[in-house]
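Residues per chain are reported as follows:
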Amino acid sequence: MKREQIAKNIVADLNELAALTSDIDGAQRIAWTPTFKKATEWFAQKMQAAGAEVWTDAAGNSWAKFAGESEECIVIGSHLDSVPDGGWLDGALGVVAGMGIGAYGLADKKPAKTLYVVGWADEEGVAFGKSCLGSSAVSGIVTSKDVLPLIHQENGRSFSDVWQEYGLDANRIGEAHTAFAKLPVKAYLELHIEQAPLLALAKKSVACVYGVCGCNRQYITFRGQQGHCGSPVALRQDAFIAAAQTTLDLREIALKYDSYCTVGNIEVKPDLTTISPGYCRISLDQRSIKPETMQTIVAEAKAAAQKHAQEGKLTVEFEPIWHAEPILFDKQLVEDCNAAVEEETGARHSMYSAPLHDAVPLNAVVPSVMMFAQSDPGISHCKEENTPQPQLEEAIRAFIRLAEKELGTSFAE
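What you see is a predicted model, and the numbers here were worked out from it, not measured in a lab. Sequence order as written defines the numbering, with residues in each chain counted from 1. Local features in a predicted model are, by the rule used here, given only for residues with pLDDT of at least 70; side-chain atom pairs are given and counted only at 80 or more, and totals for whole chains, interfaces and linings are based on all residues. As a rule here, side-chain values come from all non-hydrogen atoms in the structure, and water together with hydrogens is ignored.

**Q** Mind showing me how you'd approach the packing of aromatic side chains here?
**A** Any two aromatic rings considered together are summarised by their centre-to-centre distance and by the angle between their planes. Classification of ring pairs uses Phe, Tyr and Trp, with its six-membered ring standing for Trp, and accepts pairs whose centres are within 6.5 Å; under 30 degrees between planes counts as stacked, over 60 as edge-to-face, and the remaining range as tilted. Under the criterion given, the structure shown has 12 aromatic pairs. With centroids separated by 4.7 Å and ring planes inclined at 55°, the aromatic side chains of Phe-128 and Phe-159 adopt a geometry described as tilted. Pair noted here: Phe-128 is in the loop between strand 6 (113-120) and helix 4 (133-138) and Phe-159 is in helix 6 (residues 159-164), with a separation of 31 residues, a long-range link. Note on classification: 1.4 Å probe, protein chains only; a residue is buried when its accessible area is under 20% of the maximum for its type, exposed when over 50%, partly exposed between these limits. The class of Phe-159 is buried, set by a relative accessible area of 0%. Three or more aromatic residues joined by ring pairs make a cluster, and in this case those are Trp-32, Phe-36, Phe-128, Phe-159, Trp-163 and Tyr-166. In this structure, Lys-269 packs its charged tip against the face of Tyr-279, placed 4.9 Å from the ring centre. Charges are assigned to positions over rings by a cutoff of 6 Å between ring centre and Lys NZ or Arg CZ, combined with an angular limit of 35 degrees from the ring normal. The lysine or arginine in question, Arg-281, covers the ring of Tyr-219, its NZ or CZ lying 3.7 Å from the ring centre. Each helix corresponds to a stretch of at least 4 residues labelled H or I by DSSP, and each strand to a stretch of at least 2 residues labelled E; elements are numbered beginning at the N terminus.

Spelled out as structure tokens, the structure:
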């Protein structure tokens, strides 16, 4: 089947999944919910109908295998889950693209290498606060000791109890890594919507993603003295003021170093209209593709917080949450990915990703690369997320070309 028709079929399948798992507010494929289960069942049914071998691994990931001439294999995937009221393409694009390459592209041929298509479970981390759960388990980064203490963030149920409802045993999550480690994987490929407006602004439909930003997350807590709102402003030890001043400085740090600084959570106590707060905790997420820049922006953030704490006669504490170094994808796969983009669009275009993706934990154990499809209007994790159909089909065709290179097969023009 020609690339053009494969791409159109993939878009049709994406619309089918969206109709099945969305409502008027957007995608509702939140991990470990009935709608998520509906999505995994849809995956299994479509892949079985295409003649693939289908199963769910010990980490809840959905798999389909299309046998090739060799056991050497490539893996194509992304995540099936979404955030509440999420976008129709977020995660689903990469999974359904892999499904379509197997179901339509390989319907009448056997590739040189075996194709595995995977829908990673719980990439978003909505339920238990741990992002890229399924792919991290397969990569050996997350084990049972990491997940057993987790509590569902909405209903307070244990990880084990929730998983048991889906026929999974939290104590056996490590078996997913053991099984994956036995596969002779030559490449992991992931297509994802960009989740930012850079491609739309550049009037490009698709780009090779050569790496993913490092990330440092922490809480910064300011402590002063709560007081009556009638007390003189100049004499207050207002914790919120120091936090707000620090947040403004963080924006300038991000702009100065072409990086990312985000305060997404603010907690004040006592949180009353008539009291200037003596306690304020903010979250800070900082990102850069350059290791040296990561070190600089983290250090300057700490200095800014200490400065404003001193000016306000406050104390300040720093509590680490999570840290990951920047990564660069496999050089040969990046070259192949750039070539695929050029062959389809006439020009190369490459970029890095600021958001985290399943390709990050996979890159720790197998050669990996990503491709981005344009996002227009450039927003994600909301129902307004979209890629216009011409740009979407062009991005999918470029991704098909990349898959052809790694599978050792060719689809008719």
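**Q** Honestly, the layout of surface pockets in this entry has me stumped. Any pointers?
**A** Vacant regions in the atomic arrangement are exposed by a probe of water-molecule size rolled over the atoms. Here a cavity is any set of points on a 1 Å grid over the protein atoms alone where a 1.4 Å probe fits but cannot get out, and a pocket is any open set with protein on both sides within 12 Å along at least 5 of 7 lines; a residue lines the site when it has an atom within 4 Å of a point. Grid points are joined across faces, edges and corners, and a volume is the space filled by probe spheres set on the points. There is about 1,100 Å³ of room inside the largest pocket. At four residues, strand 14 (residues 279-288) tops the list of elements feeding residues into the lining of the largest pocket. Charged residues are taken to be Asp, Glu, Lys and Arg, nonpolar residues to be Ala, Val, Leu, Ile, Met, Phe, Trp, Tyr, Cys and Pro, and polar residues to be all remaining types, Gly included. Residues of the lining of the largest pocket, tallied by class, amount to 15 nonpolar, 16 polar and seven charged. For the second largest pocket, the calculated volume is near 450 Å³. Around the second largest pocket, the lining is made up of 18 residues, and of these Lys-130, Ser-131, Arg-217, Trp-322 and Leu-356 lie nearest the centre. For the lining of the second largest pocket, the secondary-structure elements that each account for two or more residues are strand 15 (315-324) and helix 12 (359-363). The element contributing the most residues to the lining of the second largest pocket is strand 15, with three residues. For the lining of the second largest pocket, the class distribution of residues is 12 nonpolar, three polar and three charged.

**Q** Teacher, can you tell me more about the pattern of salt bridges here?
**A** For side chains of opposite charge, pairing can occur when their charged atoms come near one another. Here a salt bridge means any side-chain nitrogen of Lys or Arg lying within 4 Å of a carboxyl oxygen belonging to Asp or Glu. Applying the stated rule across the entire model yields 22 salt bridges. For Arg-157, the salt bridge identified is with Glu-165, shortest N-O distance 2.8 Å. Judged by its relative accessible area of 30%, Arg-157 falls in the partly exposed class. With relative accessibility at 52%, the residue Glu-165 sits in the exposed group. Ionic pairing is found between Glu-267 and Arg-281, a salt bridge with its closest N-O pair at 3.7 Å.

**Q** What exactly am I supposed to notice about a nonpolar patch on the surface here?
**A** Only residues whose relative accessible area exceeds 30% and that form no salt bridge enter a patch; like-charged residues are grouped when within 9 Å of one another, and nonpolar side chains (Val, Leu, Ile, Met, Phe, Trp, Tyr) when within 5 Å. Here the Shrake-Rupley method, with its probe set to 1.4 Å, supplies the accessible areas, and only the displayed protein chains count as covering residues. A grouping of Phe-240, Ile-241 and Ile-266 is seen on the molecular surface, where their side chains present a nonpolar patch of about 260 Å² in accessible area. Mapped onto the elements of the fold, Phe-240 is located in helix 9 (residues 239-256).

**Q** I keep staring at the state of the cysteines and nothing clicks. Help me out?
**A** In a disulfide, the sulfur atoms of two cysteines are covalently bonded to one another. Whenever a pair of cysteine sulfur atoms sits within 2.5 Å, that pair is classed as a disulfide. For the structure shown, the criterion picks out zero disulfides. With no disulfide of its own, Cys-337 has Cys-208 as its nearest cysteine by sulfur position, at a separation of 3.5 Å. Free cysteine: Cys-382, not disulfide-bonded; nearest cysteine sulfur from Cys-132 at 19 Å. Classification of Cys-382 by relative accessible area gives buried; the value is 15%.

**Q** Looking at this model, I keep getting lost on the nonpolar core. Mind explaining?
**A** Note that soluble globular proteins tend to have their nonpolar side chains buried in a common cluster. We define a nonpolar core as any set of buried Ala, Val, Leu, Ile, Met, Phe, Trp, Tyr and Cys residues linked to one another through side-chain atoms lying within 4.5 Å. Trp-32, Leu-189 and Met-371 are the most contacted members of the largest nonpolar core, which totals 98 residues. Among the nonpolar cores identified, the runner-up in size contains 18 residues, and Ala-242, Ala-243, Met-294 and Ile-297 belong to it.

**Q** What am I meant to see in the packing of helix 3 (residues 92-105) against helix 13 (residues 389-407) here?
**A** Whenever a helix is involved, its axis is fitted only over the stretch in contact; in every case the axis is a line through C-alpha atoms, and angles between N-to-C directions fall within 0 to 180 degrees. Here helix 3 crosses helix 13 at 55°, and the two axes come no closer than 11 Å. One element, helix 3, and the other, helix 13, form an angle in the oblique class. Here helix 3 runs over helix 13; the crossing is right-handed. Between helix 3, through Leu-93, Ala-97 and Ile-101, and helix 13, the contact on the second element is made entirely by Leu-392, Ile-396, Phe-399, Ile-400, Ala-403 and Leu-407. Along the lines of polarity and charge, the residues of the contact of helix 3 with helix 13 split into nine nonpolar, no polar and no charged. Angle categories are assigned with fixed cut-offs, so that under 35 degrees is roughly parallel, over 145 is roughly antiparallel, 65 to 115 is roughly perpendicular, and the rest are oblique. Each crossing gets its hand from how the near helix is turned against the far one by less than a right angle, where anticlockwise is left-handed and clockwise is right-handed. Any two residues whose heavy atoms approach within 4.5 Å at even a single point are treated as in contact.

**Q** Would you explain the environment of Glu-69 in this entry?
**A** Its location among the elements puts Glu-69 in the loop between strand 4 (62-66) and strand 5 (70-79). Judged by its relative accessible area of 60%, Glu-69 is exposed. In this structure, the C-alpha to C-alpha distance between Glu-69 and Gly-408, residues 339 residues apart in sequence, is 9.9 Å. Once residues lying within four places of it in the same chain are set aside, the contact partners of Glu-69 are Lys-110, Pro-111 and Ala-112.

**Q** Explain helix 9 here, please?
**A** An α-helical turn contains 3.6 residues, so any two residues separated by three or four positions project in the same direction. Helix span, expected: 1.5 Å multiplied by one less than the number of residues in the helix. Taking 1.5 Å per residue, 18 residues should reach 26 Å; helix 9 reaches 26 Å between its end C-alpha atoms and fits that length. Among all positions in helix 9, only Ala-239, Ala-242, Ala-243, Thr-246, Leu-250, Ile-253 and Ala-254 are buried. Buried residues of helix 9, seen end-on, are gathered within an arc of 115° and therefore sit on one face of the element. Relative to its buried face, helix 9 has exposed residues pointing more than 90 degrees away, namely Leu-248, Arg-251, Leu-255 and Lys-256. This arc corresponds to the set of directions leading from the helix axis out to the C-beta atoms.

**Q** For this particular structure, what's the right way to read the environment of Glu-267?
**A** Within the fold, Glu-267 resides in strand 12 (residues 266-269). The class of Glu-267 is partly exposed, set by a relative accessible area of 26%. Between the C-alpha atom of Glu-267 and that of Cys-280, which follows or precedes it by 13 residues, the distance is 5.5 Å. The contacts of Glu-267, once residues within four sequence positions are left out, are Tyr-279, Cys-280 and Arg-281.

By themselves, these figures tell us nothing about what the structure is for.
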